[in-house]
Amino acid sequence: MEYKKAFDLIVGKVEEELVKSGYTKQKVDADNTNELAALFTSSNIAYTVVYVKDKQQMVLRSCTMTEEGPDNEWKTLATWLYDDTFANHKDAESIANDFVEGVSGTVAIRRAKQVKQKKKKDDDGTATPKFLAKRFVTYFPELRDEIKNEEDCYFPFRGATFAKEHIVPKLEGYIVRASKPELEKLAGVFNLQYGNGDVDTRSIITIVILNGLTDEAFNCVSEFFDADLGKAAKAARKYKGKTVKPEKPKKKNVSKASNLKNS
């Protein structure tokens, strides 16, 4: 099986698995003509599948994501020899299955948790409201220009206002029309962004975006939330449509002894 076809098969299988967890395939060129490359990113981890032509190797790598993109400190997770002189479709399937396991098995889950815990330890989440907004461009391409306009006109980025005015109105219609796989993918985006978001981002997800949905839309997507977001979204839902007033300081009771002292 020709190596380009094998590469496409492997990448397709990996993509099929990663999109379930909210990963997005990025348009990317290989570093040089000696490689074929595909890149998948979430808010905290990036995976790349590479075919190195001169070494005839299929390689799966991962690295940590930053707000600017992958940190490029790639770690090799698996390497397979693929010589298309004699390799066949079965060989490509075997590599694909191994790579899928590499991005979805217990080791991958542990890897994601380690990155998530490290970020929370450092600064309680690094995904910002602007980073959150950009994650929805895949669903609503027109957001790209709207985000740029927000950046040009306001500083800092008005995350809550932008979500309320530009994301919520689009999201409602998308959710009620979405298929189950589409809802699972969307929920995966929310799960990742909530798990890795800063305090503002988490509040925008629960109080602004999710509370901005009708009960019908909310129930459709919340079915696929993980434990952390599910609990937070349910608690925040109690405040939907309500104005939360600051707590009034309690009046101090003046004791009789104090009254006698001051009399």
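Attention in this report is confined to the structure presented alongside it.

The rules behind the values
Here the residue index of a chain counts from 1 through its sequence in written order. With the structure being a predicted model, the display of local features is reserved for residues of pLDDT at least 70 and the display and counting of side-chain atom pairs for 80 or more, all residues being used for whole-chain, interface and lining totals. Heavy atoms throughout the structure, all of them, feed into the side-chain values; hydrogens and water do not. Ring pairs shown here join Phe, Tyr and Trp side chains whose ring centres sit within 6.5 Å, with only the six-membered ring taken for Trp; geometry is labelled stacked below 30 degrees between planes, edge-to-face above 60, and tilted in between. Burial classification: accessible surface area is computed with a 1.4 Å probe over protein chains only, and a residue below 20% of its type maximum counts as buried, one above 50% as exposed, and the rest as partly exposed. Strands here are runs of E lasting at least two residues and helices are runs of H or I lasting at least four, both read from the DSSP assignment and numbered beginning at the N terminus. Pairs of residues are marked as contacts when any of their non-hydrogen atoms sit within 4.5 Å. By this rule the span expected of a helix is its residue count minus one, scaled by 1.5 Å. The term salt bridge refers to a side-chain nitrogen of Lys or Arg lying within 4 Å of a carboxyl oxygen of Asp or Glu.

1. Observations concerning the packing of aromatic side chains
Scanning the entire structure with this criterion turns up eight aromatic pairs. Taken together, a centroid distance of 6.4 Å and an interplanar angle of 45° make the contact between Tyr 139 and Phe 140 tilted. Considered together, Tyr 139 and Phe 140 belong to a single accessibility category, that of buried residues. Geometrically, the ring pair formed by Tyr 139 and Tyr 174 is edge-to-face, given 5.3 Å between the ring centres and 75° between the ring planes. Remark: Tyr 174 occurs in helix α6 (residues 159–177) and Tyr 139 occurs in the loop between α4 (129–135) and α5 (143–153); sequence separation between them is 35 residues. Judged by relative accessible area, which is 15%, Tyr 139 ranks as buried. For Tyr 174, a relative accessible area of 19% translates into the label buried. By way of ring pairs, the aromatic residues Phe 136, Phe 190 and Phe 225 are connected into one cluster.

2. Observations concerning the side chain of Gln 193
Among the secondary structure elements, Gln 193 is positioned in helix α7 (residues 180–196). Overall, the relative accessible area of 2% leaves Gln 193 in the buried class. Look past the residues within four positions of Gln 193 in its chain and what remains in contact with it is Ser 43, Ala 127, Phe 131, Leu 132, Arg 135, Thr 201 and Ile 205.

3. Topic: α7
Compared with an ideal rise of 1.5 Å per residue, which puts 17 residues at 24 Å, α7 spans 24 Å between its outermost C-alpha atoms and is within 8% of the ideal. Those residues of α7 lying buried are Leu 183, Leu 186, Ala 187, Gly 188, Val 189, Phe 190, Asn 191, Leu 192, Gln 193, Tyr 194, Gly 195 and Asn 196.

4. Here we look at the pattern of salt bridges
Inspection of the entire model under this criterion finds seven salt bridges. For Glu 93, the salt bridge identified is with Lys 13, shortest N-O distance 4.0 Å. One end of the pair, Glu 93, is in helix α2 (residues 89–104); the other, Lys 13, is in helix α1 (residues 3–18), with 80 residues separating them in the sequence. A relative accessible area of 22% places Glu 93 in the partly exposed class. A relative accessible area of 32% places Lys 13 in the partly exposed class. With a shortest N-O distance of 2.8 Å, Asp 215 and Arg 237 are connected by a salt bridge. Remark: Arg 237 occurs in helix α10 (residues 227–237) and Asp 215 occurs in helix α9 (residues 215–222); sequence separation between them is 22 residues. Note on Asp 215: relative accessible area 49%, which makes it partly exposed.

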